[in-house]
Amino acid sequence: MEANASSKWRFQANQELIAASSRSLRNVVISLMDISRREEKRPLIPLAHGDPSVFPSFRTTVAAEDAVVNAIRSGDYNNYCKSLHGLLPARRALAEHLSRDLPYKLSPDDVFLTSGCKQAIEIVTAVLARPNANILLPRPGYPDYEAYAMFNHLEYRLFDLIPEKGWEVDLEAVQALADDNTVAMVIINPGNPCGNVYTRQHLMKVAETARKIGIMVISDEAYAYLNFGANPFVPMGAFASIAPVITLGSISKRWLVPGWRLGWLVANDPNGILAKTGVVESLKCCQVMTCDAATFLQGAFPEMIEKTEEEFYSKIIKLLRDTADTCYDKIKEIPCLYCPYKPEGSMFLTVKLNPALLEGIDDDMEFCVKLAKEESVIVLPGVVMGLKNWLRITFAIEPSALEQGLERIRVFCQRNSKK
Ligand SMILES: *Cc1c(COP(=O)(O)O)cnc(C)c1O
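Residues numbered from 1 in each chain as written. Predicted model: local features only at pLDDT ≥ 70, side-chain atom pairs only at ≥ 80, totals over all residues. Heavy atoms only, no water.

**Remarks on the packing of aromatic side chains**
Here is the rule: Any two rings among Phe, Tyr and Trp, with Trp reduced to its six-membered ring, count as a pair given centres within 6.5 Å; such a pair is stacked if its planes are under 30 degrees apart, edge-to-face if over 60, and tilted if neither. To qualify as a helix, a DSSP run of H or I must reach at least 4 residues; to qualify as a strand, a run of E must reach at least 2; elements of each kind are numbered from the N terminus. Each residue's exposure class comes from its accessible area (1.4 Å probe, protein chains only) as a fraction of the maximum for that residue type: buried when under 20%, exposed when over 50%, partly exposed otherwise. For a lysine, the NZ atom is tested; for an arginine, the CZ atom; a charge sits over a ring if that atom is within 6 Å of the ring centre and within 35 degrees of the ring normal.
Counted under the stated rule, the structure contains 11 aromatic pairs. Both rings, one in Tyr-223 and one in Phe-348, keep their centres 6.1 Å apart while their planes meet at 90°; by these two values the pair is edge-to-face. Highlighted residues: Tyr-223 in the loop between β7 (216-220) and β8 (245-250) and Phe-348 in strand β11 (residues 348-353), separated in sequence by 125 residues. For the pair formed by Tyr-223 and Phe-348, the shared burial category is buried. With a centroid separation of 6.0 Å and an interplanar angle of 75°, the aromatic rings of Trp-255 and Tyr-313 are classed as edge-to-face. Placement of Trp-255 in the loop between β8 and β9 (263-268) and of Tyr-313 in helix α13 (residues 310-332) is noted, with a sequence separation of 58 residues between them. Within the aromatic cluster, the residues linked to one another by ring pairs are Trp-255, Trp-264, Phe-301, Phe-312 and Tyr-313. The positively charged end of Arg-100 is found above the aromatic ring belonging to Tyr-225, 5.5 Å away from the centroid. Above the face of the Phe-348 ring, Arg-392 is positioned so that its terminal group lies 3.8 Å from the ring centre.

**A few points about the site of the ligand**
Filter applied, for reference: What makes a residue near a molecule or strand is one non-hydrogen atom of that residue sitting within 4 Å of it. Any pair of N or O atoms that falls within 3.5 Å is considered a polar contact. Within protein, one atom must be able to donate a hydrogen and the other to accept it, and sequence-neighbouring residues count only if both atoms are side-chain atoms. Under this grouping Gly is polar, as are all residues other than the nonpolar Ala, Val, Leu, Ile, Met, Phe, Trp, Tyr, Cys and Pro and the charged Asp, Glu, Lys and Arg.
Close to the ligand lie 14 residues, the nearest being Asp-220, Ser-250, Ser-252, Lys-253 and Arg-261. For the ligand, a nitrogen atom lies 2.7 Å from a polar atom in the side chain of Asp-220. Interatomic distance of 2.9 Å between a side-chain N/O atom of Tyr-223 and an oxygen atom of the ligand. Here the shell around the ligand gets 4 residues from one element, more than from any other, and that element is helix α6 (residues 116-128). In the shell around the ligand, the residues fall into 6 nonpolar, 4 polar and 4 charged.

**Brief notes about the sheet that holds strand β10 (residues 337-338)**
Two orientations exist for strands paired in a sheet by backbone hydrogen bonds: parallel and antiparallel. Definition in use: Here, strands pair whenever DSSP counts at least two bridges between them. Two residues form a contact once any of their heavy atoms are found within 4.5 Å. To obtain an axis, a line is fitted to C-alpha atoms, over the contacting stretch when the element is a helix, and the angle between two such axes runs from 0 to 180 degrees between their N-to-C directions.
Taken in spatial order, the 4 strands of this open sheet run β10-β11-β14-β13, and their pairing is antiparallel. Of all the strands in the sheet, just β10 and β13 (380-381) have a single pairing partner and so form its edges. Strand direction decides the pairing type here: β11 and strand β14 (residues 390-394), joined by 5 bridges, are antiparallel. From the neighbouring strand, Thr-350 faces β14, where its bridge partner is Arg-392. Against the sheet, α13 makes contact with β10, β11 and β14, and its axis sits at roughly 10° relative to β11, the strand it touches most.

**Points about the domain arrangement of the protein chain**
In plain terms, the rule: The split of the chain into domains comes from an automatic or database domain assignment. As used here, buried area is the combined drop in accessible area, with a 1.4 Å probe, of two parts when they are placed together. A carboxyl oxygen of Asp or Glu within 4 Å of a side-chain nitrogen of Lys or Arg is what we treat as a salt bridge.
The domains assigned to the protein chain are domain 1 (16-59 + 311-415) and domain 2 (62-307). Relative to domain 2, the C-alpha centre of domain 1 lies at a distance of 26 Å. When domain 1 packs against domain 2, the two sides together hide about 3200 Å² of surface, and 64% of this comes from carbon and sulfur. Per-residue buried area on domain 1 facing domain 2 is highest for Tyr-313, Tyr-341 and Glu-344; these three make up 20% of the total on that side. Between domain 1 and domain 2 we count 1 salt bridge in total. Here Glu-65 ties to Arg-59 by a salt bridge, and the two come within 2.8 Å at their closest N and O atoms. Along the contact surface separating domain 1 from domain 2 lie 11 residue pairs in polar contact (both at pLDDT 80 or more). Of all the secondary structure elements, the ones that give two or more residues to the side of domain 1 that touches domain 2 are α2 (15-21), α13, β11 and β14.

**Details of the pairing of strand β2 (residues 111-114)**
Every second residue of β2 is oriented toward a common face, with Val-111 and Leu-113 on one face and Phe-112 and Thr-114 on the other, all of them buried. The pairing of β2 with β9 spans 4 bridges and is antiparallel. What sits directly across from Leu-113, in β9, is Trp-264.

**Considerations on the packing of α6 against helix α11 (residues 279-289)**
Heads up, the rule is: Angle categories: roughly parallel below 35 degrees, roughly antiparallel above 145, roughly perpendicular from 65 to 115, and oblique for all the rest. Here a crossing is taken to be left-handed if its near helix is turned anticlockwise relative to the far helix by less than a right angle, and right-handed if that turn runs clockwise.
α11 packs onto α6 with a crossing angle of 125° between their chain directions and a minimal axis gap of 10 Å. Classified by the angle between their axes, α6 and α11 sit oblique to one another. Judged by the sense of rotation from one axis to the other, the crossing of α6 with α11 is right-handed. Contact residues: Ile-123, Ala-126 and Val-127 in α6; Val-279, Ser-282, Leu-283 and Cys-286 in α11. Classifying every residue of the contact of α6 with α11 gives 6 nonpolar, 1 polar and no charged.

Have a look at this one:
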């Protein structure tokens, strides 16, 4: 009866959307949190996803809050955004801001404002997804790239990052994977999930490899300038004269306001190749189809950039350096975990799990589920990022909570270790 009744309906859910969204890391984090909440043991300590904005030490600057309030109060931004690619003053301010570390000047026309960096990923994937094309993605990487590639029927191929070399791109693997249908490669710098910050020399080699193959580089710089180690942050756009670069970014991480949803996509194209190949035109078309970033945030953005004090940036950098140190040092004390690289940027480190030292835990997923259940600590299983038996841990949370969380992990590993 039931089956008969429903078989009359002609519609069905889009199974591809369901398959693609299962790649999303949000799904895994939410289900681990549910497991932990069911136990109701202790306050949950979230070391899986990078959103420190809920912790008092990571509150954004008042200057940014004021900029938004002023924009709203002005009454000038209640309308639909009048420009297709974002308000001109906001694009101009961003172009200037990003040009500081480039050997050429960006124009406001190179800048597209989006609803967070996530929408920039969505747009760039849609633009590149012509039939038979493929894109090269880092492993470990950021799962949204795979999700949007799948959904857009853009084939993706994974190249490895090398832990022993500061998670540098395996450039030989990139060349081996590429063929005539390869259109782009993605790098994430500073790195999520590895906390790497690439040297100028390595970025130049990435550009040269891309040029040899004839592809563009998509540089995810969601964590731009959140670096605290020996290597300075160098934007990939600095090498755009070697191979064209599309830079993705947002205010989410640097200003600690991921809920505000303002991001960008920038065509770093000093030789006009992205324009000549029609990529810039199709970015424009794509932006016509998608929704804009909220107009009042675009209105607030120039003031945000101008008024944010140097002390805010340096306070956050110091905090991240300290919490990264705490995290790295504590992990070193835990025999079943190994961190090959001390993070120098972003909000994460990636550690190798040795399940052979543990009783009744066979892989990273089991580790995370059991840890959530027994200790109410959430860390991200590496399988989600393509690395089985690794874990991603964020150190960007309130320092006292971080110490508690790491102590619980230590106790958990000790209790579950083979005798
Ligand atoms: C957080 C993040 C994004 C998404 O940024 P939003 O601005 O929150 O949409 C994209 N890429 C990486 C690597 C990230 O860590």
